[in-house]
Amino acid sequence: MLVFAGLAAVSGGAAALDSQGAVRAANRWNALRTGDDIQFDHRASRVLIADLDRDGVDEVVYLLTATCVQANFDCENEVVVMTPLRKGDPRIRISSLDHPETLAKWRQVEQAGYADDASLQVPGEVRALAIVDGRIRVEFDATLKSPTCKRSDRGAAEPCPEPGRYRWTLAWQPGELTRARETR
């Protein structure tokens, strides 16, 4: 069963969250990412709304990607779960020393009412992202020369999957996103 709902608790109270509000929340949060000369242009796509833990409060799920130029590390390609902000939420880190532009971005995040809670890197080109029975399903293609899984620089990190099409089922609980199942 595909879940795509429309209510969320924002800043401690209930407010309607539609797909435009979810996209706005993801984009505002990612506007805080400064990037550098290697990885930049962070963007949210495939934005979904669902009550993953069935507590009556919707979460926002999206794919975070970035542009990478000559990176020797895995380019960002993450499934992200956002949760509503609460009064005094520690994810909001406004400082009196912040540049006025940064302060304005933090205020926009507060207005959107959501912030990133947990994420998981996907080591391939994402073909589909869906919510099925309270779980996140991501389908992707792993390739030999993927910018999202550098085979030559793995070090102690998890190895890249063999080339092919994969389907991961992800489970979310506050602060944690994990693989529940993998099929090929």
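The notes below deal with the structure included here. (Residues numbered from 1 in each chain as written. Predicted model: local features only at pLDDT ≥ 70, side-chain atom pairs only at ≥ 80, totals over all residues. Heavy atoms only, no water.)

Quick look at the state of the cysteines
The bond known as a disulfide is covalent and runs between the sulfur atoms of two cysteines.
Okay, step 1: On inspection of all chains with the given rule, the structure shows one disulfide.
Okay, step 2: A sulfur-sulfur separation of 2.0 Å characterises the disulfide bridge that pairs Cys 149 with Cys 160. Note on the Cys 149 and Cys 160 pair: the S-S dihedral is about -110 degrees, so by sign convention the disulfide is left-handed. Of this pair, Cys 149 sits in the loop between strand E8 (135-142) and strand E9 (164-173) while Cys 160 is found in the loop between E8 and E9, placing the two residues eleven residues apart along the sequence. (Disulfide = S-S within 2.5 Å. Helix = DSSP H or I, 4+ residues; strand = E, 2+ residues; numbered from the N terminus.)

Describing the side chain of Thr 148
Okay, step 1: Along the chain, Thr 148 falls in the loop between E8 and E9.
Okay, step 2: A polar contact is formed between the side chain of Thr 148 and the backbone nitrogen of Gly 124, at a distance of 3.0 Å.
Okay, step 3: Of the polar contacts made by the side chain of Thr 148, one reaches the side chain of Ser 146; its length is 2.7 Å.
Okay, step 4: Leave out the neighbours within four places in its chain, and Thr 148 touches Asp 74, Cys 75, Asn 77, Gln 121, Val 122, Pro 123 and Gly 124. (Polar contact = N/O pair within 3.5 Å; in protein donor to acceptor, adjacent residues only side chain to side chain. Contact = heavy atoms within 4.5 Å.)

Section: the pattern of salt bridges
Okay, step 1: Within the structure shown, the criterion is met by nine salt bridges.
Okay, step 2: Note that Glu 101 is salt-bridged to Lys 105, the shortest N-O span being 3.6 Å. You can see Glu 101 and its partner Lys 105 sitting in helix H2 (residues 100-112), four residues apart, about one turn around the helix.
Okay, step 3: Salt bridges sharing partners connect three or more residues here, namely Arg 33, Glu 76 and Asp 116. (Salt bridge = Lys/Arg side-chain N within 4 Å of Asp/Glu carboxyl O.)

Structural notes on the packing of aromatic side chains
Okay, step 1: Under the counting rule described, the total for this entry stands at three aromatic pairs.
Okay, step 2: For the ring pair Phe 140 and Tyr 166, a centre distance of 5.4 Å and an interplane angle of 15 degrees mean the geometry is stacked. Placement of Phe 140 in strand E8 and of Tyr 166 in strand E9 is noted, with a sequence separation of 26 residues between them. The two residues Phe 140 and Tyr 166 agree in class, both being buried.
Okay, step 3: Relative to Trp 168, the ring of Phe 140 has its centre 4.9 Å away and its plane inclined at 80 degrees; by these criteria the two rings are edge-to-face. Placement of Phe 140 in strand E8 and of Trp 168 in strand E9 is noted, with a sequence separation of 28 residues between them. (Phe/Tyr/Trp six-rings, centres within 6.5 Å; stacked < 30°, edge-to-face > 60°. Buried < 20%, exposed > 50% of the residue type's maximum accessible area, 1.4 Å probe, protein only.)

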